[in-house]
Amino acid sequence: MPDRFKVTKSDVRGEFFRGPDGGGKHAAVAETDGDDHAYDKLLPEKHVQPKQTHAKGSKGDCDVGDGTDEQPFVQDKMSGYETNLYLYSEEMEDRPRISTLISSLANYSNTISPAPADPDARPSGGGANMGTLIGVYLPCIQNIFGVILFIRLTWVVGTAGAVQGFLIVLVCCCVTMLTAISMSAIATNGVVPGGGSYFMISRSLGPEFGGAVGMLFYTGTTLAAAMYIVGAVEIVLTYMAPSLSLFGDFTKDASAMYNNFRVYGTGLLIVMGFIVFIGVKFVNKFATVALACVIFSIIAVYVGIFVNINGNDNLSMCVLGKRLLKDIPMASCNKTVGGDLHRIFCNSTNSICDPYYKANNVTIVRGIKGLSSGVLLDNIKDSFLEMGEYLAKGKAPADYENVGQPSYNQVLADITTSFTILIGIFFPSVTGIMAGSNRSGDLADAQKSIPIGTICAILTTSTVYLSTVILFAGTVDNLLLRDKFGVSIGGKLVVANIAWPNQWVILIGSFLSTLGAGLQSLTGAPRLLQAIAKDGIIPFLAPFAVSSSRGEPTRALILTILICQCGILLGNVDYLAPLLSMFFLMCYGFVNLACALQTLLRTPNWRPRFKYYHWSLSFTGLALCIAIMFMTSWYYALLAMGMAGMIYKYIEYRGAEKEWGDGIRGLALSAARFSLLRLEEGPPHTKNWRPQILILVKLTSDMVPKYRKLFAFASQLKAGKGLTVSASIIKGDFTKSSSEAMAAKQNLRRTVDEERVKGFVDILVARNVTDGLSHLVQTSGLGGMKPNTVILGWPYGWRQSEDDRTWQVFLQTVRNVTAARMALLVPKGINFFPDSSEKVVGNIDVWWIVHDGGLLMLLPFLLKQHRTWKNCKMRIFTVAQMEDNSIQMKKDLKMFLYHLRIEAEVEVVEMMDSDISAYTYERTLMMEQRNQMLRELRLNKKESLGVVQTLVDFNESTEEKLPLVQSIVDQHHQNDAKATATKVRFQEPGSESGGANDCDNKKSNDEEPSNEVSSVVEVNGDCENIIKEKEDASEKEPLSDSKDEDTETEEEQKPTMTPDEGNVRRMHTAVKLNEVIVNRSHDAQLVILNLPGPPKDTRVERESNYMEFLEVLTEGLERVLMVRGGGQEVITIYS
């Protein structure tokens, strides 16, 4: 501020700072728990009542901005908020100041607190500090690499061939990558508390879909545990210790093998369930060991492939013609009469041999041929078989068809194979991408770590899978690849015999990693079931919400073990894999659907920090999921969908009502009767809040809208979404004015269509404009489609007429909108706003003085969705007083915006404690003089002409005094640009400043913008024109007149009237804020700031003063949007 404005007279200062007793009044900050409504609880719909504290008798001191219920905000002297922001003093009684709000939000914990008795609860001092590598990348790697990689990938490659095998892996990886992109968008759309994938889906799609998908995900995770257990048993019994078989030689009887899997699997499940029951600590520690085993095993395979580039003789197979034989020692692999083969294929009594045996020779084939052998070309084509057919090279029917002859020692296909069936079997090996999001509560920065860690893990695992497909096909003989259990090589694992240095590295590593994955599934599934039960959306699950005394979900664990046992009884990985694939594919499909819906609906809360997503990618992922489900097994797909449908309908009809701000509820806005009834169920969640606009339109005498730019602004704000109602008032009687109303409605509809505003129009005929506007505010809309935001034009002509209606209609409408708990937008200088066809470049400046629901944060974001404002940058300014820590405020505000996913520059403007300036004093004096003149005008309308003559004489006699005030005004706005902008408020926006002394001022006054919402402007005679001409002439005096005045003469000619202290302090706020705003935002394309609440005192002078304060506050600014929230939160940090 220039020094000349800091000079004040001592008597003025002494008089105006003896104010009413009272300390700061601030909204208490509610202590909340960690659910998704926690942010909203900080500022509930009905704001927390303030703790009224006084400087005297206060107990304890506290730093400003860190107050609690026990330590209220107390100042020993009048703070900057009572001086510099006195205009907003009534607001701060129920709307917290910014320093309080952002301090509480920045320090707010976004994680769900563990159970008090949970032995694994994080220490209170530790906090969430896991990074991307430890918290997301490695857990995803561990969960993706599973048992399928070691015991089925070689078989998939050999059966499908290199080309189709590559496609199988690629399709599966594409599904997970597309799902990961959608999941990253959802995960970065706000803070995701503990709960991970289930939380994301349920809060995005609603309780019905959320519950259905949650149960599918739970079932899939439980069956995955069964698959891991059966896989671990298969590794031990088939490759490590075949002698442990309880049912004889399983190489000759497949049913014996599966019975072994069932028995040993049940025993292993009991042991693992007991381990999980005892404590999760062991599981978490074992996870590290399992991860090390997985990584080391994969490295060993790669090294082994290149070490054996020329092949080795460790594995040899006995081949009869083109058919693979089993259980034949290499020494006996010949057709010697009396040899092992001869005894097997020839009848010892009549010496009749098998026809195929007689017609073909026996050869010994090397299994590991190496990359240099060119075996890749032999493995290019597929070798799909029906169940019971022979494993043979080539596609000659005589080689692979079983024509009813005994199989002897020939290897048979144990299941029917095809491209789609193999996709279902392989798909579980790419699941596990949610491991990172499930740990969201433990991450230091979940919005950064989840996308990077998950996508990098998928890229890593996909690279490993795709490369091993080619490397296996180029290293191993086709027949050995297709030998699922390695019976042709003595029951050895093919991958283990490729690895370096020996097979035990892979056998032990794969066994331990499979056990680890099974333990993780058995640990995660009960917690997921407990989370669903705690949400209360499925009533019959309520018993499983209970935790044990140690905080463990014991009941959920028991149910999980029982379901897992059902999976183990299937006994075959090849049957389990497609089944659990269905559940994971359903889950991934719903993640993609959630992202696509949110993107297409453009809900205001959809602001993902992860930008590399698109609705088409999400729909592609959804289509792939559905296609793979039906290609793999149509009856399994129908089973999974039927289960999901049953749960959905159960929750819909029997479940508890939950409101989570879901995308399906957003769809209801564009539906008909059913959706309207659904919307009637309750108020929308903060995440679904979008401005449903009611435009109060001013009509000209020709019954056409006066300001078309209002519609353009509404269109830009809506970006084609949601509801817009344009309405206007015609004064009169409906029976006599119905034709006028019809014509006005047609004109209004035409304007709305031309400005491309999607919505409805309405005309209301009322005897009283104020009452008509009140009726519109109360009754517009239907059910859940009621407007929640009112656009009200600024009454530009409020100074021109002595008729108080010019501002009283405006003020009463503001009060009505506030009483209806609707948001209010007042654009000032509307004719300077851009058309929808224009593109503006620059800054949108938000001046955040008090918090009233976050509407100031949301509006610029919504405007930037439109092409007109797309290239603008957002800047947020907030005001700090001397007692505030402005550095901490800026840091906290940046953190708050980070959580809101809003990109903006942050500035904290420090308002120095300064005395009330001479300019403020004179400006207040001028305002109160005008009020006195108007009060005298109202005394007796019959005598108004005489009073006006007296006032004209008064104006003439004080023409020498007014230049002093005007010189201060012009010095306050020094440059020409600001001076020009200052004139805007005395004329219609966009009109040229012409000669105010013309005799046809009556005509120009008709064109002057009156109250935006009043329908008729009445001017009684030419008297008001005379007054206005004098006021305009006096206010437009050149500066040269004031420069000739002597200082002492100025002092003597000052009016002796003493202004009201409250008015001076409010004017002080308006002047100082205006000075700061003009200084920082004079070149901004749009300035958005809080609209101070209207005065509770309804006296005409008080209301007139309020209008003057708003004029001063916005002086020198071309485009201003004044905003007042509706008393509810409209923006949230949660997804």
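Calculation notes
- Each chain has its residues counted from 1, running along the sequence as written.
- The predicted origin of the model limits local features to residues at a pLDDT of at least 70 and limits the giving and counting of side-chain atom pairs to 80 or more, whereas totals for whole chains, interfaces and linings rest on all residues.
- Water and hydrogen atoms play no part in the side-chain values, which are based on all heavy atoms of the structure.
- Counting from the N terminus, the helices are the DSSP runs of H or I reaching at least four residues and the strands are the DSSP runs of E reaching at least two.
- Burial status follows relative accessibility: with a 1.4 Å probe on protein chains alone, a residue under 20% of its type maximum counts as buried, one over 50% as exposed, and anything between as partly exposed.
- In what follows, a contact means two residues having at least one pair of non-hydrogen atoms within 4.5 Å.
- The accessible surface values rely on the Shrake-Rupley method and a 1.4 Å probe; as for residues, cover is taken only from the protein chains in view.
- Whether two aromatic rings pair depends on their centres lying within 6.5 Å, for rings of Phe, Tyr and Trp, where Trp uses its six-membered ring; planes under 30 degrees apart make the pair stacked, over 60 edge-to-face, and the rest tilted.
- Should DSSP find at least two bridges between two strands, the strands are regarded as paired.
- Fitting a line to C-alpha atoms yields each axis, with helices limited to the stretch in contact; the angle taken between N-to-C directions then spans 0 to 180 degrees.
- For our purposes a nonpolar core is just a set of buried Ala, Val, Leu, Ile, Met, Phe, Trp, Tyr and Cys residues, chained together by side-chain atoms within 4.5 Å.
- Whenever a carboxyl oxygen of Asp or Glu lies within 4 Å of a side-chain nitrogen of Lys or Arg, that contact is scored as a salt bridge.
- Under this scheme an angle from 65 to 115 degrees is roughly perpendicular, one under 35 degrees roughly parallel, and one over 145 degrees roughly antiparallel; angles in between are oblique.
- In this classification, the charged set is Asp, Glu, Lys and Arg, the nonpolar set is Ala, Val, Leu, Ile, Met, Phe, Trp, Tyr, Cys and Pro, and all remaining amino acids, among them Gly, are polar.
- For the purposes of this analysis, a disulfide is any pair of cysteine sulfur atoms at a distance within 2.5 Å.
- Expected helix span is taken as 1.5 Å per residue step, with the number of steps being one fewer than the number of residues.

### Examining the overall build of the chain
When its secondary structure is counted, the chain shows 41 helices and 15 strands. Within the chain, buried positions represent 58% of all 1135 residues. For the chain, long-range pairs separated by at least 24 residues make up 83% of all intrachain contacts whose partners lie at least 6 apart in sequence. Accessible surface, the chain: about 45,300 Å² in total, of which carbon and sulfur atoms supply 56%.

### Focus: the environment of Ile695
Within the secondary structure, Ile695 sits in strand 6 (residues 693–697). Sequence spacing of Ile695 and Ser726 is 31 residues, and the spatial spacing of their C-alpha atoms is 4.7 Å. Once residues lying within four places of it in the same chain are set aside, the contact partners of Ile695 are Leu710, Phe711, Ala714, Thr724, Val725, Ser726, Ala727 and Ile791.

### With respect to the packing of aromatic side chains
Scanning all chains against the criterion turns up 20 aromatic pairs. Taken together, a centroid distance of 5.0 Å and an interplanar angle of 45° make the contact between Phe345 and Tyr408 tilted. Of this pair, Phe345 sits in helix 12 (residues 340–345) while Tyr408 sits in the loop between helix 14 (397–400) and helix 15 (419–426), placing them 63 residues apart in sequence. Ring geometry for Phe426 against Tyr465: centres 5.3 Å apart, planes inclined by 80°, an arrangement best described as edge-to-face. On the criterion of sequence distance, the pair formed by Phe426 in helix 15 and Tyr465 in helix 16 (residues 446–475) is long-range, its members being 39 residues apart.

### Observations regarding the sheet that holds strand 10 (residues 823–828)
One open sheet holds the 10 strands; their spatial order is 8-7-6-9-10-15-14-11-12-13, and the pairing between them is mixed. The open sheet terminates on both sides in strands that have one partner only, identified here as strand 8 (760–766) and strand 13 (905–910). Taken pair by pair, the neighbouring strands of this sheet meet at an average axis angle of 20°, ignoring direction. Inspection of the sheet shows strand 11 (residues 843–848) paired to strand 14 (residues 1086–1090) by 4 bridges, in the parallel sense. Paired with Trp847 across the bridge in strand 14 is Leu1089. Strands strand 6, strand 7 (724–731), strand 9 (789–792), strand 10 and strand 15 (1120–1124) of the sheet are contacted by helix 26 (residues 709–718), whose axis makes an angle of about 175° with strand 6.

### Side note on the nonpolar core
Core analysis: the largest hydrophobic core is formed by 169 residues, its most contacted members being Met227, Phe426, Tyr465, Ile506 and Tyr588. The dominant element in this core, judged by the number of residues it contributes, is helix 9 (residues 207–240), at 19 residues. Among all residues touching Met227, those that are not within four sequence positions of it are Val147, Ile148, Pro428, Val573, Leu576, Ala577 and Leu580. Counting 114 residues, the second-largest nonpolar core is a separate cluster that includes Ala714, Val817, Leu862 and Phe896.

### Considering the pattern of salt bridges
Counting across every chain of the model gives 18 salt bridges. Residue Arg152 pairs with Glu234 through a salt bridge whose shortest N-O separation is 3.0 Å. Here Glu234 lies in helix 9 and Arg152 lies in the loop between helix 6 (147–151) and helix 7 (153–187), a separation of 82 residues in the sequence. Summarising the burial analysis for this pair, Arg152 and Glu234 share the class buried. Lys395 is paired through a salt bridge with Asp382; the nearest N and O atoms lie 3.1 Å apart.

### Notes on the packing of helix 7 against helix 15
The interhelical angle for the contact between helix 7 and helix 15, taken along N-to-C directions, is 80°, at an axis separation of 10 Å. When the interaxial angle is binned, helix 7 and helix 15 end up roughly perpendicular. For the pair formed by helix 7 and helix 15, the contact residues are Leu153, Trp155, Val156, Thr159, Ala160, Gln164, Leu167, Ile168, Val169 and Cys172 on the first element and Phe419, Leu422, Ile423, Ile425 and Phe426 on the second. Looking at side-chain class alone, the contact of helix 7 with helix 15 contains 13 nonpolar, 2 polar and no charged residues.

### What about the state of the cysteines?
On inspection of all chains with the given rule, the structure shows 2 disulfides. In this model Cys318 forms its disulfide with Cys333; the gap between the sulfur atoms is 2.0 Å. Negative torsions about the S-S bond denote left-handed disulfides, and the value of about 90° found for Cys318 with Cys333 makes this one right-handed. With Cys318 in strand 3 (residues 312–320) and Cys333 in the loop between strand 4 (323–324) and helix 12, the pair connects residues that are 15 residues apart, well separated along the chain. Between the sulfur atoms of Cys346 and its disulfide mate Cys353 the distance is 1.7 Å.

### What to know about helix 10 (residues 254–278)
Relative to the 36 Å expected for 25 residues at 1.5 Å per residue, helix 10 spans 36 Å between its end C-alpha atoms, a close match to the ideal helical length. Listing the buried residues of helix 10 in full gives Ala256, Met257, Tyr258, Asn260, Phe261, Gly265, Leu268, Leu269, Met272, Gly273 and Val276. Packed against the buried residues of helix 10 are helix 9, helix 11 (280–307), helix 19 (503–535) and helix 20 (554–570).

### Things to note about unusual backbone geometry
With an omega of 5°, the peptide bond between Trp500 and Pro501 qualifies as cis. Assignment of secondary structure puts Pro501 in the loop between helix 18 (494–498) and helix 19. If you check the backbone angles, Asp327 has positive phi at about 55° while not being a glycine. Residue placement: Asp327 occurs in the loop between strand 4 and helix 12. Given the relative accessible area of 34%, Asp327 is considered partly exposed.

These values are about where atoms sit, not about what they do.
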